[in-house]
Amino acid sequence: MPGCSILGCRAYKRTHLPNLTMHRLPKKDRQKWLDIIGVENINLQFKEPRICSLHFDDKSFNRTLDVIRLRDEALPSSDLIITIM
Ligand SMILES: [Zn+2]
């Protein structure tokens, strides 16, 4: 399975990030996501780029006991794009 498509993000290589989730670009907001992320910061060679949860702030998620879901209207946080190494 491919890791996070954000260039420089190595989250998928860390073995123990229990809360890490991966999120596909939504069809509807795809362009919005790309504008925030910056096309130079994302690897688009995969058909289905995925962004890991490290690039969203906490309020983007709906947490229930066992399930972490990204809210429908959630957008990646531009502050969190290139800071993860
Ligand atoms: Zn990532």
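Keep in mind that what you see is a predicted model, and the values were worked out from it rather than measured.

Q: For the overall build of the protein chain, give the residues involved together with the corresponding values.
A: Helix and strand counts for the protein chain come out as one helix and four strands. Along the chain direction, N to C, the helices and strands of the protein chain fall in the order β-α-β-β-β. Here the contacts in the protein chain between residues at least 6 apart in sequence split such that 70% fall between residues at least 24 apart.

Q: Describe in detail the environment of Q45, supporting the description with residues and values.
A: Inspection of the secondary structure assignment puts Q45 in the loop between α1 (30–37) and β2 (50–52). Between the C-alpha atoms of Q45 and S5, which are 40 residues apart in sequence, the distance is 9.0 Å.

Q: A description of the nonpolar core should follow, citing residues and the corresponding values.
A: Among the nonpolar cores identified, the biggest contains 11 residues, and these are C4, I6, C9, L25, W33, I37, I42, I51, C52, L54 and I81. For this core, the secondary-structure elements that each account for two or more residues are α1 and β2. Beyond its immediate sequence surroundings of up to four residues, I42 is in contact with S5, I6, L7, I37 and P49.

Reading guide: rules and limits
- Residues numbered from 1 in each chain as written.
- Predicted model: local features only at pLDDT ≥ 70, side-chain atom pairs only at ≥ 80, totals over all residues.
- Helix = DSSP H or I, 4+ residues; strand = E, 2+ residues; numbered from the N terminus.
- Contact = placed C-beta atoms within 7 Å.
- Core = buried A, V, L, I, M, F, W, Y, C linked by C-beta atoms within 7 Å.
- Buried ≥ 20, exposed ≤ 12 C-beta atoms within 10 Å, placed from the backbone.

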